[in-house]
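# Understanding the architecture of this molecule
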Amino acid sequence: LLELINTADSAVKVRLSRKDPLGTSERLFKKVKDLIKEDGTGQFRGFDPFNYRILLEAVLGLAYIDFLRGDDRAAEQKYEEADTIINVHLSDNKEYLRSILLLNRGRNRLDNGSKEDDEGARDDFRDVIDIYKKAPDNIREELAEIAALAYNNLGIYYLNEADYDNAEKCFRESMDIYKTSSHARYNLGVLYHKKDAKDRAITLFQNAINLDPNFSEARQALEKLGAMKKGSLGSEWYDWWFENKKETKGTMIIARKRLRIRSILAVALILVMITTFGKLAFDLYLHDFVQLFS
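All of the points below concern the structure found in this document. (Residues numbered from 1 in each chain as written. Predicted model: local features only at pLDDT ≥ 70, side-chain atom pairs only at ≥ 80, totals over all residues. Heavy atoms only, no water.)

In this section: unusual backbone geometry. Look at Asn93: it is not a glycine, yet its phi comes out positive at around 60°. Position of Asn93 among the secondary structure elements: in the loop between helix H4 (72-89) and helix H5 (94-112). Positive phi is not limited to glycine here, since Ala162 has a value of about 60°. Relative to the helices and strands, Ala162 resides in the loop between helix H7 (137-160) and helix H8 (164-177). (Helix = DSSP H or I, 4+ residues; strand = E, 2+ residues; numbered from the N terminus.)

Structure representation (structure tokens):
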């Protein structure tokens, strides 16, 4: 299961299969679902709630694939299925899990671009923020990064609506919650650029790069504003330092021998919970970030 879920997650993002990357990922996620059947007839039985945590990630992965294919109705059905898994089969961390679901669905809706989807995305992000605000202190810390992403995406919604005041409030809320948010700083820089505040925009783009040297959109924005010239010493140093990392980013080594799944199932399930659940949710926004600067 650990091998399958990691391979499926990587296939959809780094295109392990050049011919049909989405099909490859979809088959792997569906294989995970077949191994963990909700009716109790799957190969792995008696390991709840661990099974449902992995099943939830598989369903979210399939929803994302449907979105990438433009099948919005199928994606919405998968999100409803994921919501049922959380409400019916999982008792712990419901706020965290539901926040991840809403964040994924909201971002997909926002990327669709229709008026109806935009408003649905706005509501999803607001629901995440509402969950964060109402959560007990010990849970709020766990939800902080998700809430920061929700504020950032809600800010993008307002930015698209040319509601600059609310957009700025959201980006600053994101920065306040998650101090090292490079994307919120970049988006705020986009906002100031649109308001013809070039110096403030440049400062924010530079701040974004300081926090994340691999933030290509921020570097391109600085180049367009003439604050970072191509071929400069800084640009050459960056290209030299990150060149090899760019070439190997996202690759994965697949073991030739199969894992003994039955003998290490318990360990694998725990590792999945710790190391993979939520990874897909966050990677959607970091790897598929929409460049707003133009």
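With that out of the way, let us pick up the environment of Ala227. Among the structural elements, Ala227 can be located in the loop between helix H11 (216-224) and helix H12 (233-248). The exposure class of Ala227 is partly exposed, given its relative accessible area of 41%. Counting along the chain gives 22 residues from Ala227 to Phe205, while the straight-line C-alpha distance between them is 9.8 Å. Beyond its immediate stretch of four places on either side in the chain, Ala227 contacts Ile202 and Leu222. (Buried < 20%, exposed > 50% of the residue type's maximum accessible area, 1.4 Å probe, protein only. Contact = heavy atoms within 4.5 Å.)

This brings us to the packing of aromatic side chains. By the definition in use, this model includes four aromatic pairs. Geometrically, the ring pair formed by Tyr64 and Phe67 is stacked, given 6.1 Å between the ring centres and 20° between the ring planes. In this pair, Tyr64 and Phe67 both sit in helix H3 (residues 50-68), three residues apart, roughly one turn of the helix. Judged by its relative accessible area of 13%, Phe67 falls in the buried class. Ring geometry for Tyr186 against Phe205: centres 5.4 Å apart, planes inclined by 45°, an arrangement best described as tilted. With Tyr186 in helix H9 (residues 182-194) and Phe205 in helix H10 (residues 198-211), this pair connects stretches of sequence that are 19 residues apart. (Phe/Tyr/Trp six-rings, centres within 6.5 Å; stacked < 30°, edge-to-face > 60°.)

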